[in-house]
Amino acid sequence: MTRLMTNEPVTWTVEDSISTYNIDRWGLGYFSINDAGNVSISPLRDKGATIDILDVLREARERGLQFPLVVRFQDLLRDRVEWLNKSFNDAIAENKYGGSYYGVFPIKVNQLREVVEEITLAGEPFHYGLEAGSKAELFSALVTHRDPESLIICNGYKDQSFIRVANIGRKLGKKIILIAEKLEEIRSILDISREAGVDPWIGVRVRLAAKSTGIWATSGGESAKFGLSTLDLMEAAEYLRENNAMDVLRMLHFHIGSQIPDIQSIKKATREAARYYAKLKKIGFDKLEFIDIGGGLGVDYDGSRTLFHSSTNYSLDEYVGDCIFNIKDVCDEEGVPHPHIVSESGRAIVAHHSVLIVQSFGTIEKTKAEYDLSVREHDHKWIKQLAEVKEYIRTNARVALHDAQQIKGESQNAFDLGLLDLRTKAKIETFYWAIVEEIADYYSNRLATGDEEEDATPEEILELGPHLADQYLCNFSVFQSLLDHWALGQIFPIMPIHRLNECPSMQGTLCDITCDSDGKVNRFADIKDVRKTLPLHPLNNGDPYFIGVFMTGAYQDVMGDLHNLFGRVNEAHVFLDSDEDSGFYIEETISGNTISQVLELTQYYPNNLMRSMKEQINEAIKNDRIKPNEGMRMLAEYEKGLSDHTYLTLTTSADRL
Ligand SMILES: Cc1ncc(COP(=O)(O)O)c(C=O)c1O
């Protein structure tokens, strides 16, 4: 059991939790902590009601949903759509910009129907459209999209059927722009559309020299996977001129990567793209009237407002102001009209709206609450030496650590050679961890002397923290619910959602229930760099302990995989409603995958499974290994279990919420 390695205040208040988890910085006014010590959510920020997350969980439990649970706040989506559109419209008016803003939501960031429909509805007054990056996404976009003034932008490589489906939309009067990722696509779009009697709208994606930084930076730069180089662009322009089709070119598009941390990358990219737009306009592409600045508007996951990959050093207003200023400035220099601006912000629209709630059901402790440190006459010399080391921790902690590490190392070698019995090894380890814990406590509680060298905590001591942390076992799969944490090291804000008026006196990391040692979360949001452990509360016997992973609405919902056959998790969709005492209602619950559903995805069909199990049970009955009644009970249990969820059914006590 590892206690918090900071000076603990005698009393702990909600304000202490607010600053420990920095919720006011990354929460953007959507998330905070109420007087009861629970996380509270204001989906419309200061324009609407605030609800207690535990009330939502209670309601979800009553509706039969188990954990892990994704809670979506639908009003929050609406707030984000309005926030983005208003910001562009205000800046356009303020800067006397000549074009308009036509944003689109990139479906790839969250394809779930309820999410896309909510966004489309909220975006109607702004002619907010959709972006599709694949054929399947276009099939859904054609149906969700209803406003003829808003755009559908088609990105990604395109085959003939992709183009034909887009042409269905054009014939229905939709403003669909097919973005050519390479030269040949312009030829196919032109041929197929002419054959179908459709007047196509084409955009070209340019491969800018400007690049982003961070973990999604490879989408930009001259070696990017998508887009036309300047030479390709010249060839495309020539081809369109020769084919009498200069009017089909409507849009210049770029995308330099998601989650752009540095505003300088945005400034450079918009200027460069505006220059391409102006030059094309000047060589006769009169119908070119849109610049699409792609996605990349970042989200401050850790609240640090820095260049760190999980943060951004700019606000929405700065982003919008810079895009408009730079495009306007370049166009004015070149003497061409200001284009309409399109952006494809996905993460910034959906990240905040969903929260993953996981239940912790136990801990793996490196150290013990109480150690047996008695030394006996016949104990091994290393145990006696460790007892001596313990004595000089207060006078020379660093030397004590080095000596303890040496003894532990030597004892491990002796054990490997078969020279140490289990009891002695266990006692050496007990002593070692007791010493390490005391050293860590000593450094964290020491008063500053004012001498920089003396006050600095030695590196090897700092490294002890993560080793001492307890591992909190949590009922979820990192591979299903937090894939970008595993794959890219993305940081999400994570914190307990209740007991926040109690001191989180432990340091922990999170382990999921997959059998993979990568199935863990051991990097946490912090204003400076990342934390390797998270302050958590001790588990009280039998009481449920819930941890929230916030801002999971972008990408994580659909990218998760079925590692260990842990399937999709349960979902609750929450709407604010002032007629309800609680201030909200759960409009929809979506049940996660059952065991038979995930098995079907791997070609195990329930009928075949049942038949095969029955054969084996019959065989066992025939061979007198089990009685017929018992066999039938086993078969019934197997059948019932197939409709269970894939995660652990924790009987402990979520009812005690
Ligand atoms: C072409 C394109 N547009 C838009 C986006 C969405 O980006 P973001 O979620 O950063 O806004 C992406 C995602 O990387 C993309 O590839």
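Here the structure is shown first, and the text comes after it.
Residues numbered from 1 in each chain as written. Predicted model: local features only at pLDDT ≥ 70, side-chain atom pairs only at ≥ 80, totals over all residues. Heavy atoms only, no water.

A. Up close: the overall build of the protein chain. In terms of regular secondary structure, the protein chain is built from 24 helices and 23 strands. Each principal axis of the C-alpha atoms in the protein chain carries an extent, and together these give about 100 × 80 × 60 Å. Taking all 657 residues of the protein chain together, 54% fall into the buried category. For the protein chain, the proportion of contacts with a sequence separation of at least 24, taken over those separated by at least 6, is 77%. Here the protein chain has roughly 29000 Å² of accessible surface; of this, 49% comes from carbon and sulfur atoms. Separation of charge centres in the protein chain, based on 70 positive and 101 negative side chains, amounts to 4 Å. (Helix = DSSP H or I, 4+ residues; strand = E, 2+ residues; numbered from the N terminus. Buried < 20%, exposed > 50% of the residue type's maximum accessible area, 1.4 Å probe, protein only. Contact = heavy atoms within 4.5 Å. Areas by Shrake-Rupley, 256 points an atom, 1.4 Å probe, with all protein chains shown as cover. Lys, Arg positive; Asp, Glu negative; His and termini not counted. Charge placed at Lys NZ, Arg CZ, Asp CG, Glu CD.)

B. Summary view of the site of the ligand. Close to the ligand lie 15 residues; Ser258, Gly296, Glu344, Gly346 and Tyr555 are nearest. Separating an oxygen atom of the ligand from a side-chain N or O atom of Ser258 is a distance of 2.6 Å. Between the ligand and Glu344, the relevant distance is 2.6 Å, taken from a nitrogen atom to a side-chain nitrogen or oxygen of the residue. (Near = heavy atom within 4 Å. Polar contact = N/O pair within 3.5 Å; in protein donor to acceptor, adjacent residues only side chain to side chain.)

C. Examining the pattern of salt bridges more closely. Following the criterion strictly, the structure yields 34 salt bridges and no others. Across the salt bridge formed by Arg423 and Asp379, the nearest N and O atoms sit 3.2 Å from each other. In this pair, Arg423 sits in helix 15 (residues 422-445) while Asp379 sits in the loop between strand 13 (354-364) and helix 13 (381-391), placing the two residues 44 residues apart along the sequence. A residue is classified by how much of its surface remains accessible, and Arg423, at 43% relative accessible area, is partly exposed. Classification of Asp379 by relative accessible area gives buried; the value is 4%. Among the ionic pairs, Arg568 bridges to Glu571, the shortest N-O distance being 3.3 Å. A relative accessible area of 4% places Glu571 in the buried class. Salt bridges here are not isolated pairs; linked through shared partners, they connect Arg271, Arg275, Lys279, Lys282, Asp329, Glu333 and Glu334. (Salt bridge = Lys/Arg side-chain N within 4 Å of Asp/Glu carboxyl O.)

D. Highlighting the sheet that holds strand 7 (residues 151-154). Across the sheet, which stays open at both edges, the 8 strands sit in the order 5-6-7-8-9-10-11-12 with parallel pairing between neighbours. The sheet is open, and its two edges are formed by strand 5 (104-106) and strand 12 (340-342), each paired on a single side. Pairs of neighbouring strands in the sheet enclose a mean axial angle of 25 degrees, with direction left out of account. Looking at chain direction, strand 6 (residues 129-132) and strand 7 are connected through 3 bridges and run parallel. Across the sheet, the residue bridging to Ala132 is Cys154, located in strand 7. (Pairing = 2+ DSSP bridges. Axes fitted to C-alpha atoms, helices over the stretch in contact; angles between N-to-C directions.)

E. Focus on the side chain of Ser17. Structurally, Ser17 is set in helix 1 (residues 14-21). For Ser17, a relative accessible area of 1% corresponds to the buried category. Each residue touching Ser17, except ones within four places of it in the same chain, is listed here: Trp12, Ile33 and Leu500.

F. Local environment of helix 4 (residues 74-94). Under the 1.5 Å per step criterion, the end-to-end length of helix 4 is 31 Å for 21 residues, consistent within 8% with the ideal 30 Å. Trailing helix 4 by a residue or two, Lys96 shows a phi angle of about 50 degrees, which is positive. (Expected span 1.5 Å × (residues − 1).)

G. Geometry of the packing of aromatic side chains. Within the structure shown, the criterion is met by 15 aromatic pairs. Each residue in the set Trp26, Phe31 and Phe550 is aromatic and connected to the rest through ring pairs, giving one cluster. Across from the ring centre of Tyr432, 5.0 Å away, lies the NZ or CZ of Lys408, which sits over that ring. (Phe/Tyr/Trp six-rings, centres within 6.5 Å; stacked < 30°, edge-to-face > 60°. Lys NZ or Arg CZ within 6 Å of the ring centre and 35° of its normal.)

H. Representation of unusual backbone geometry in the model. For the bond running from Phe67 to Pro68, omega is 0 degrees, close enough to zero to count as cis. Of note, Arg305 is a non-glycine position whose phi angle comes to about 50 degrees, a positive value. Among the structural elements, Arg305 can be located in the loop between strand 11 (290-292) and helix 11 (316-334). For Arg305, a relative accessible area of 45% gives the class partly exposed. Despite not being glycine, Asp624 has its phi angle at roughly 60 degrees, a positive value. With respect to the element layout, Asp624 can be found in the loop between helix 23 (606-622) and helix 24 (628-642). The exposure class of Asp624 is exposed, given its relative accessible area of 68%.

I. The arrangement of the packing of helix 6 (residues 135-144) against helix 7 (residues 160-171) in detail. In the contact formed by helix 6 and helix 7, the axes pass within 10 Å of each other and the chain directions differ by 10 degrees. As the angle between them shows, helix 6 and helix 7 are arranged roughly parallel. Across from Lys135, Leu138, Phe139 and Leu142 in helix 6, the residues of helix 7 making contact are Ser161, Phe162, Val165, Ala166 and Gly169. Tallied by class, residues from the contact of helix 6 with helix 7 come to 6 nonpolar, 2 polar and 1 charged. (Parallel < 35°, antiparallel > 145°, perpendicular 65-115°, else oblique. Nonpolar A, V, L, I, M, F, W, Y, C, P; charged D, E, K, R; others polar.)

J. Focus on the pairing of strand 6. Sheet analysis places strand 5 next to strand 6, joined by 3 bridges and oriented parallel. Across the sheet, the residue bridging to Pro106 is Glu131, located in strand 6. Each parallel crossover has a hand, and the one from strand 5 via helix 5 (residues 113-123) to strand 6 is right-handed. Each parallel crossover has a hand, and for strand 6 linked through helix 6 to strand 7 it is right-handed. (Right-handed = clockwise from strand over helix to strand, strands pointing away.)

K. Just the side chain of Ser354, in detail. If you trace the backbone, Ser354 turns up in strand 13. A distance of 3.2 Å separates the side chain of Ser354 from the backbone nitrogen of Gly553, its partner in a polar contact. What Ser354 contacts, discounting residues up to four positions off in sequence, is Val70, Val71, Arg72, Val549, Phe550, Met551, Thr552, Gly553 and Asp557.

L. Structural view of the pairing of strand 9 (residues 201-205). Burial analysis of strand 9 places 5 of its 5 residues in the buried class, the great majority of the element. Covered by surrounding structure in strand 9 are Trp201, Gly203 and Arg205 together with Ile202 and Val204, the residues of both alternating faces. Of the pairings in the sheet, the one linking strand 8 (residues 175-180) to strand 9 comprises 4 bridges and is parallel in character. From the neighbouring strand, Leu178 faces strand 9, where its bridge partner is Ile202. Pairing analysis gives 4 bridges linking strand 9 to strand 10 (residues 249-253), with the strands arranged parallel. The residue of strand 10 that forms the bridge with Arg205 is His253.

M. Spotlight on helix 13. Those residues of helix 13 that fall on the buried side of the exposure criterion are Trp382, Ile383, Leu386, Ala387 and Val389. Each buried residue of helix 13 sits inside an arc of 155 degrees when the element is viewed along its axis, so together they form one side. In this structure, helix 13 carries Lys381, Glu388 and Glu391 as exposed residues pointing more than 90 degrees from its buried face. On its buried face, helix 13 sits against helix 14 (397-416) and helix 15. (Arc of directions from axis to C-beta.)

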